[in-house]
Amino acid sequence: MLTGLSSVCILTTGALVAPAMLAFGMPRKALAAFLAIGGVLGMIASTGQYPGDDYRWRVDMPYIGFEKPLLLAGRPLGVRNGCVLPRPLPELVFSRTGCLQICLRRSTPSTGRSCFLPLVIVIGLMVAIRAVPQWVPDFGIPLVFVIGTLAAVGTGERVGLGAVAREGIRDALPVMSILVGVGMLVQIMTLTGVRGFARCQRSRGSLGDAVCWHWHS
Amino acid sequence: MPAFGSAYASASVVGIPFLFAFLGHNEIMIASGLSLIAGLGDLMPPPLLLCVLGGQVVGEKSSFGILKEALIPILAAETCGILLIAYSRELGAFLGAG
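Every value quoted in this text rests on a predicted model; they were computed, and no experiment measured them.

Undergrad: For this particular structure, what's the right way to read the overall build of chain B?
TA: Summing up its helical and strand segments, chain B has six helices and zero strands in all. By the burial criterion, 60% of the 98 residues in chain B qualify as buried. Of the contacts formed within chain B by residues at least 6 apart in sequence, a portion of 64% connects residues at least 24 apart. In the form shown here, chain B has an accessible surface area of approximately 3,900 Å², with 69% of it arising from carbon and sulfur atoms.

Here it is, written out as structure tokens:
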């Protein structure tokens, strides 16, 4: 719900939530499904409203006011998802080994409260950009997360940045390959390249003309 | 729509013609319903993108097992999207959208 993009939502917020839910004893499959559905609803009913914006751009109409209908559609589904999918969670939360005990057992006393600083910075910047735009310019969500990450280097447990980056790339590559495949599928289905080729042929121009036309349009 | 395997593909390839087909109704509500249905494309095969990512985060390898687990919420979202489209005028008037 914070990021507005389904895959990013799972990799950021999902990665924060997953260890706690697993500690509560939620089955892995149900938790993965919970995160996946949460990612979709986060994309639909967040501030980003990515598919709604896609329609707006492609139809080229100044449609506004997606917030209410998408909230009406997304929030009840999100609440239902949160209540039904984590089946054994309520019993575990309210049992003797409840939420507080599990969280305390999993906390790392060496880092103290400073480990929450990156989270506070990210949420604070997101709120400030919208609340006081005259003082805090909108420098984009990616930069907000970069600032949060830089803050995490000094406040959390010590990590080797090189090793973490290598591990991150290794984990992300399969997903990136899927995204490239999906992108190719979209380009084929929307005839993106073929349209340019057809226009070039119609105007009896060369490939260079087509490239120039594409660059200037 | 979700059979395209990507929210972007669903919205771009099928969503736009659908939206044009429903011109004259409440377009904001129609686009919202289509957005909800198109968003489910990220869960669908062949890429199973969100199932793969969710599985990666929790350490579960069976992406189709995750999809099976998410089937009821998917159907609920699909129904909700269809209802938004079917009752676009009434719901739009109720919400003051469009």
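Undergrad: I tried to follow the overall build of chain A on my own but got confused; where do I start?
TA: Counting secondary structure elements, chain A contains eleven helices and zero strands. In chain A, the order of α-helices and β-strands from amino to carboxyl end is α-α-α-α-α-α-α-α-α-α-α. Residues classed as buried in chain A amount to 30% of the 217 residues present. Within chain A, contacts between residues separated by at least 24 positions form 59% of all contacts whose residues are at least 6 apart in sequence. About 13,800 Å² of surface is accessible on chain A, with carbon and sulfur atoms providing 69% of the total.

Undergrad: Any chance you could explain a nonpolar patch on the surface here in plain terms?
TA: All names here are of chain A. Nonpolar side chains collect at one region of the surface, where L16, V17, F116, L119, V120, I123 and V127 lie side by side and expose about 630 Å² of accessible area between them. Elements with a minimum of two residues in the nonpolar patch: α1 (6-23) and α7 (117-131). Ranked by residues supplied to the nonpolar patch, first place goes to α7 with four residues. On the secondary structure map, L119 appears in helix α7.

Undergrad: So what exactly am I meant to see when it comes to the interface of chain B and chain A here?
TA: One frequent convention defines the size of an interface as the accessible area lost when the parts assemble. Each side of the interface is counted separately: chain B has 56 residues, and chain A has 51 residues. Taken together, both faces of the contact between chain B and chain A bury some 4,400 Å²; the carbon and sulfur share is 79%. Looking only at chain B, the three residues that lose the most surface to chain A are Y8, V58 and E69 of chain B, adding up to 14% of its buried area. Here chain B is connected to chain A by zero salt bridges. Where chain B meets chain A, there are one residue pair in polar contact (both at pLDDT 80 or more). Contributing elements (two or more residues each) for the side of chain B that touches chain A: α1 (7-21), α2 (27-39), α3 (49-58), α4 (63-69), α5 (71-86) and α6 (88-95) of chain B. Considered class by class, the residues forming the side of chain B that touches chain A number 39 nonpolar, 13 polar and four charged.

Undergrad: I'm lost on α5 of chain B in this one. Help?
TA: Along an α-helix, a turn takes 3.6 residues, which lines up residues three or four apart on a common side. Residue and element names in this part refer to chain B. Over its 16 residues, α5 runs 22 Å from end to end, which matches the ideal 22 Å to within 8%, given 1.5 Å per residue. Of the positions making up α5, those classed as buried are P73, I74, A77, C80, G81, L84 and I85. The buried residues of α5 occupy an angular sector of 135° when projected down its axis, which confines them to one face. Looking at α5, the residues exposed on the side facing more than 90 degrees away from the buried face are I72, L75 and A86.

Undergrad: What exactly am I supposed to notice about the packing of α7 of chain A against helix α8 (residues 141-155) of chain A here?
TA: A pair of packed helices is captured by two measures, namely the crossing angle of their axes and the spacing between those axes. Residues and elements named next belong to chain A. The N-to-C vectors of α7 and α8 enclose an angle of 155°; their axes lie 8 Å apart at closest approach. As summarised for this structure, α7 and α8 are arranged roughly antiparallel, according to the angle between their axes. In this structure, α7 meets α8 at a crossing whose hand is right-handed. Contacts from L117, P118, I121, V122, L125, M126 and I129 of α7 reach α8 at I141, V144, F145, I147, G148, A151, A152 and T155.

Undergrad: Help me understand the nonpolar core, please; the structure alone is not making it clear to me.
TA: Side chains that are nonpolar tend, in soluble globular proteins, to be buried together. Membership of the largest hydrophobic core comes to 48 residues, with the highest contact counts inside it found for L31 of chain A together with L36, L43, L50 and I74 of chain B. Broken down by element, this core gets its largest block of residues, twelve residues, from helix α2 (residues 28-45) of chain A. In contact with L31 of chain A, other than residues within four places in its own chain, are A18, M21, L22 and M26 of chain A together with V58 of chain B. In terms of nonpolar packing, the next biggest core, distinct from the first, is built from seven residues, V122, L125, I129 and V136 of chain A among them.

Undergrad: Would you take a moment to explain the side chain of E60 of chain B for this structure?
TA: Following the sequence through the fold, E60 of chain B ends up in the loop between α3 and α4. Buried charge without a salt bridge: E60 of chain B, with K29 of chain A as the nearest opposite-charge side chain at an N-O distance of 4.6 Å. Of note is the side chain of E60 of chain B, whose polar atom sits 3.2 Å from the backbone nitrogen of S62 of chain B. In contact with E60 of chain B, other than residues within four places in its own chain, are R28 and K29 of chain A together with G55 and I66 of chain B.

Undergrad: How should the side chain of S35 of chain B be read in this particular structure?
TA: Relative to the helices and strands, S35 of chain B resides in helix α2. A distance of 2.7 Å separates a polar atom in the side chain of S35 of chain B from the backbone oxygen of A31 of chain B.

Undergrad: Just to check I follow, could you spell out the confidence of the model for chain B for this structure?
TA: Atom-level detail of predicted coordinates should not be read off regions where pLDDT is low. Per-residue pLDDT for chain B has a mean of 84; in total, 98% of the residues score no lower than 70. As a predicted assembly, this complex carries a pTM of 0.69 together with an ipTM value of 0.88.

The rules behind these values
Residues numbered from 1 in each chain as written. Chains lettered and ligands numbered in written order. Predicted model: local features only at pLDDT ≥ 70, side-chain atom pairs only at ≥ 80, totals over all residues. Heavy atoms only, no water. Helix = DSSP H or I, 4+ residues; strand = E, 2+ residues; numbered from the N terminus. Buried < 20%, exposed > 50% of the residue type's maximum accessible area, 1.4 Å probe, protein only. Contact = heavy atoms within 4.5 Å. Areas by Shrake-Rupley, 256 points an atom, 1.4 Å probe, with all protein chains shown as cover. Patch = residues over 30% accessible without salt bridge, like charges linked within 9 Å, V, L, I, M, F, W, Y side chains within 5 Å. Salt bridge = Lys/Arg side-chain N within 4 Å of Asp/Glu carboxyl O. Buried area = accessible area lost by both parts, 1.4 Å probe. Polar contact = N/O pair within 3.5 Å; in protein donor to acceptor, adjacent residues only side chain to side chain. Nonpolar A, V, L, I, M, F, W, Y, C, P; charged D, E, K, R; others polar. Expected span 1.5 Å × (residues − 1). Arc of directions from axis to C-beta. Axes fitted to C-alpha atoms, helices over the stretch in contact; angles between N-to-C directions. Parallel < 35°, antiparallel > 145°, perpendicular 65-115°, else oblique. Left-handed = near helix turned anticlockwise from the far one by under 90°. Core = buried A, V, L, I, M, F, W, Y, C linked by side-chain atoms within 4.5 Å. Lys, Arg positive; Asp, Glu negative; His and termini not counted. pLDDT = per-residue confidence, 0-100.

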